[in-house]
Amino acid sequence: MKKYITDLKRHILTGTSHMIPFIVAGGIIFSISIMLNGRAEVPKTGWLGDLSHIGLAGLNLFVPVLGAYIAYSIADRPGLAPGMIGAYLAQQVNAGFLGGIVAGFIAGFVVKELKKIKLPVSLKSLGTIFLYPLGGTIITGGIVVWVIGTPIAWLIETLTTWLAQLGNIGKVPLGMILGGMTAFDMGGPINKVATLFAQTQVDVLPYLMGGVGVAICVPPIGVGLATILAPHKYTGEERQAGKGAILMGCVGITEGAIPFAANDPLKVIPSIMVGSIVGNISAFLLGVLNHAPWGGLIVLPIVENRLGYVLSIGLGAIVTAFLLNYLKGKVIDKKVKEDDFEIEFEEL
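Okay, the overall build of the protein next. Looking only at helices and strands, the protein features 12 helices and two strands. From first element to last, N terminus to C terminus, the protein shows the α and β order α-α-α-α-α-α-α-α-α-α-α-β-β-α. Here the C-alpha atoms of the protein give a radius of gyration of 21 Å, agreeing with the 20 Å that 2.2 N^0.38 yields for 348 residues. Referenced to the eigenvectors of the C-alpha coordinate spread, the extents of the protein come out at roughly 70 × 45 × 40 Å.

Written out as C-alpha cells, the structure is:
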C-alpha cells in the first residue's frame, strides 16, 4: 500500500511539474490584462483583449497537460495522447482539474494494460505511436464522455437548484456553503455553481458577491502566503508558483491554488475551504457589498466597506496559510525526473 501511494504521488507530481508553467504564465498574463483594463471584467477588444486571449490559452491548456503527463508517468509516451485528450474531454464536461487528474490516471492505467498485450513482430513498431495511443484514447474518451460526463451534469443541475431554493437561511450558514463550494475545486463545476449564483444576483443582493468575491481570492493568496511563512515545507517549484498565486488571487483567479491542490489535495483542499468559509462569513457579517460580478482586490473601487473586504480577505488567507502549514510536513526538494522527450524511431 505504501508503494502504491508513493507511485500515485509520483505520477501526480510529474503532471503538476509540467502543468505549473501553464498556470503561472497564463494566469499572470490574464491577470495583467484585467488590471490594465481598469474595470473588473475581462477585456474583449484591442490589445488588452488579445493579451487576455494569450493568458486564457495557458489557463485552458493546463488541465490537458496535467492529464497527459500523469498518463505519461504511468505508461510512458503511448499514454500522452490518451491522457491529454481524456483530460481535455473532462474539461469540456466541466469536470475541472479533478476530472483531468482522473482522466490522466484512467489513460495511464488503460495504456499500461494495453502494452501487456503481446504484438506480432511486424506490429511492434506501430504499438507505441499508433495502436496503444489509439486504443487508449478510445477507451479513455469513452469513459470520460459516457461515464463521467452524465453524473457531473446531474451534480451541477442539482446544486444549482438547491442553491436557488435556499432562500433566507441566514448569513452564516449561507456563507459556509458558498465559501466552501467556491474553494473546493478552484474554478471547477462546484466553484462555478456558487459564483454564478452570486453573480446573477449582484444587482439585487450585492452582499452575496461581497462574500463570494472574498472566497474567490482566498485560496491562491492563502497558499502563496503559506509558502512565504514556511518555505521549507514546499518545493522550489511550489515557492515560485506561490508568488504567481498571490498575484492571481488579487485579480480573482482561484486557479492559482490548483498546483498545490493537485500535489497534496487531502491537505490543501480542506485548508483553502476553511479559509474561504471564514473570509466569506466575515464579509457577510461586516456588511460588505460588491457591485461587480468578480472577486479579488481588483474590485475594490466599487466595493462598499472596503476595509471590511480587505480584512476578510486577509483573515481568510491567514487561516488558510496557518492551517495548511500545520498540516504539511517538511518537504525534501527533489525535482521530478524528466525523461528525454526526443522520439528515436529506431527504438520504436
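We are not done yet, so read on.
Turning next to helix α5 (residues 121-166). Residues lying three or four places apart along an α-helix face the same way, a consequence of the helix completing one turn every 3.6 residues. Compared with the 68 Å implied by 1.5 Å per residue over 46 residues, the 64 Å span of α5 between its first and last C-alpha is a close match. A bend of about 85° at G127 is the largest found in α5.

The subject of this paragraph is the packing of aromatic side chains. Inspection of every chain in the model, using the stated rule, returns four aromatic pairs. With a centroid separation of 5.6 Å and 75° between ring planes, the pair formed by Y69 and Y72 is classed as edge-to-face. Here Y72 and Y69 lie together in helix α2 (residues 46-75), a separation of three residues that amounts to about one turn. For the pair formed by Y69 and Y72, the shared burial category is buried. Between K171 and the ring centre of Y207, over which it is positioned, the NZ or CZ distance is 4.9 Å.

Attention now goes to the side chain of H11. Secondary-structure assignment places H11 in helix α1 (residues 2-37). Overall, the relative accessible area of 6% leaves H11 in the buried class. Excluding anything up to four places from it in sequence, H11 contacts Y69, I70, S73, I74 and F105.

Looking now at the confidence of the model for the protein. With 94% of its residues at a pLDDT of 70 or more, the protein shows a mean pLDDT of 89. Every residue in residues 336-348 scores below 50 in pLDDT, and together they form 18 contacts with partners more than four places removed in sequence or on other chains.

Before going further, it helps to spend a moment on the nonpolar core. In terms of nonpolar packing, the biggest core is built from 65 residues, with F97, M186, V223 and V299 touching the most fellow members. Ranked by residue count, the leading element in this core is helix α4 (residues 96-114), at eight residues. Residues contacting V223, with those up to four places away along its chain left out, are A245, A257, F260, V268, I272, T320 and L324. In terms of nonpolar packing, the next biggest core, distinct from the first, is built from 19 residues, L163, A198, V202 and Y207 among them.

Another point: unusual backbone geometry. Although it is not a glycine, N94 adopts a positive phi angle of roughly 65°. Its location among the elements puts N94 in the loop between α3 (80-92) and α4. Within the chain, N305 stands out as a residue other than glycine whose phi angle is a positive 70°.

Summarising the element assignment, P206 is placed in helix α8 (residues 206-229). For P206, a relative accessible area of 12% corresponds to the buried category. Spatially, the C-alpha atoms of P206 and L114 are 54 Å apart, while their sequence positions differ by 92 residues. If we ignore the near neighbours within four places in the chain, the residues touching P206 are Q201, V288, L289, N290 and H291.

Definitions and limits used
Residues numbered from 1 in each chain as written. Predicted model: local features only at pLDDT ≥ 70, side-chain atom pairs only at ≥ 80, totals over all residues. Heavy atoms only, no water. Helix = DSSP H or I, 4+ residues; strand = E, 2+ residues; numbered from the N terminus. Rg over C-alpha atoms; globule rule 2.2 N^0.38 Å. Expected span 1.5 Å × (residues − 1). Bend = angle between axes of the 7 residues up to and from the residue. Phe/Tyr/Trp six-rings, centres within 6.5 Å; stacked < 30°, edge-to-face > 60°. Buried < 20%, exposed > 50% of the residue type's maximum accessible area, 1.4 Å probe, protein only. Lys NZ or Arg CZ within 6 Å of the ring centre and 35° of its normal. Contact = heavy atoms within 4.5 Å. pLDDT = per-residue confidence, 0-100. Core = buried A, V, L, I, M, F, W, Y, C linked by side-chain atoms within 4.5 Å.

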